[in-house]
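Structure at a glance
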Amino acid sequence: MRKLIRISLLVIIILTFHSCNNSTSPSNDDFGSFFPLSVGNYWTYNSSDSERDNWTQTVIGTLDGYNDVFIIEAPADEQIVNTYYKWQNDGLYIYGFDNPDDSDPPYMMQVPYLELPEVLSLGVIFNDTESSYKEVTGKDVLVVTDVGEFESVEITLYFNSGHLIKQYYVDGIGLILFQHFEGEDDFIQSSFGELIDYNIN
């Protein structure tokens, strides 16, 4: 569950090759602005996780030979993990990930993981699998953080286990808040991460 949360967030950790080879990447002026990918961008979050307090994910560069595949560095389980992201015409995909301290080659996913769809309309469902699915569950949702008040898009990741994760994205900034809830009827928030600092080039 912890690994899945990181993947879904990193905010975190799972990106892969796009299934359509002749598509092009949109500019951040389009839907890409909900997760701006430029080298030097970073997002720092506080956390309820006892194993890490404040933590930062940073766009540190692009993948060799692929100048439109961006590498985001973030902590995970007391180590650093690099995740590969790319905007396609239909959304933001995760290509794969690696541990830069590990001699093993990067893990490249066989099936793309759609982190954000192009269409962020209320009720849109994506990444519908046997164990989970994502849905756009809110638009213009007011979120108050240490860095300001924002109207955001709410995306909810539902698990068959009854757990769910809510993510809040802001145009031009990215992910500003995520919350993990446990339970089926009366949900209890078990962890969270809130944006406390960021830089967008």
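Because the structure is a prediction, the values reported are computed rather than measured.

Let us now look at the overall build of the protein chain. Scanning the protein chain from N- to C-terminus turns up one helix and twelve strands. Each helix (α) and strand (β) of the protein chain, taken in turn from the N terminus, gives the series α-β-β-β-β-β-β-β-β-β-β-β-β. In the protein chain, which comprises 201 residues, the share counted as buried stands at 50%. Counting every atom, the protein chain has about 9700 Å² of accessible surface; 46% of that belongs to carbon and sulfur.

Bringing unusual backbone geometry into the picture now. Residue Asn 127 is not a glycine yet carries a positive backbone phi of 50°. Looking at where Asn 127 falls in the secondary structure, it is placed in the loop between strand E7 (125-126) and strand E8 (132-145). The phi torsion at Asp 140 lies on the positive side, around 55°, for a residue other than glycine. Looking at where Asp 140 falls in the secondary structure, it is placed in strand E8. The exposure class of Asp 140 is exposed, given its relative accessible area of 57%.

Bridge analysis of strand E1 (residues 42-47) against strand E2 (residues 55-63) gives four bridges, and the strand direction is antiparallel. For Tyr 45, the partnering residue across the bridge sits in E2 and is Trp 55. In the sheet, E2 pairs with strand E3 (residues 66-76) via five bridges, with the strands oriented antiparallel. Its bridge partner lying in E3, Thr 62 is registered against Phe 70. Between E2 and E3, which pair antiparallel and follow one another directly, the connecting turn spans two residues, one of which, Gly 65, has a positive phi of 85°.

Averaged over every residue, the pLDDT of the protein chain is 79; the share at 70 or more is 77%. For residues 1-30, every residue scores under 50 in pLDDT, and the model assigns this stretch 115 contacts once sequence neighbours within four places are set aside.

What follows deals with the nonpolar core. Counting 34 residues, the largest nonpolar core has Phe 35, Leu 37, Leu 116, Ile 155 and Ile 176 as the members making the most contacts within it. Grouped together as the second largest cluster of nonpolar side chains are five residues, Leu 63, Ile 71, Tyr 84 and Tyr 95 included.

Further remarks concern the environment of Glu 151. Relative to the assigned elements, Glu 151 resides in strand E9 (residues 148-159). For Glu 151, a relative accessible area of 56% gives the class exposed. Not counting residues within four places of it along the chain, the set of residues in contact with Glu 151 comprises Asp 140, Val 141 and Val 170.

We now examine the pairing of E8. Across two bridges, the pairing between E7 and E8 is antiparallel. For Phe 126, the partnering residue across the bridge sits in E8 and is Lys 134. With eleven bridges joining them, E8 and E9 adopt antiparallel strand pairing. Residue pairing in the sheet places Val 136 in a bridge with Ile 155 of E9. Count of turn residues in the E8/E9 antiparallel hairpin: two residues.

What follows concerns the side chain of Thr 44. Locating Thr 44 in the fold gives a position in strand E1. Given the relative accessible area of 11%, Thr 44 is considered buried. Here the side chain of Thr 44 touches Thr 56 through a polar contact of 2.7 Å, side chain to side chain. Thr 44 has contacts with Asn 54, Trp 55, Thr 56, Glu 194, Leu 195, Ile 196 and Asp 197, leaving out every residue within four places of it along the chain.

Definitions and limits used
- Residues numbered from 1 in each chain as written.
- Predicted model: local features only at pLDDT ≥ 70, side-chain atom pairs only at ≥ 80, totals over all residues.
- Heavy atoms only, no water.
- Helix = DSSP H or I, 4+ residues; strand = E, 2+ residues; numbered from the N terminus.
- Buried < 20%, exposed > 50% of the residue type's maximum accessible area, 1.4 Å probe, protein only.
- Areas by Shrake-Rupley, 256 points an atom, 1.4 Å probe, with all protein chains shown as cover.
- Pairing = 2+ DSSP bridges.
- pLDDT = per-residue confidence, 0-100.
- Contact = heavy atoms within 4.5 Å.
- Core = buried A, V, L, I, M, F, W, Y, C linked by side-chain atoms within 4.5 Å.
- Polar contact = N/O pair within 3.5 Å; in protein donor to acceptor, adjacent residues only side chain to side chain.

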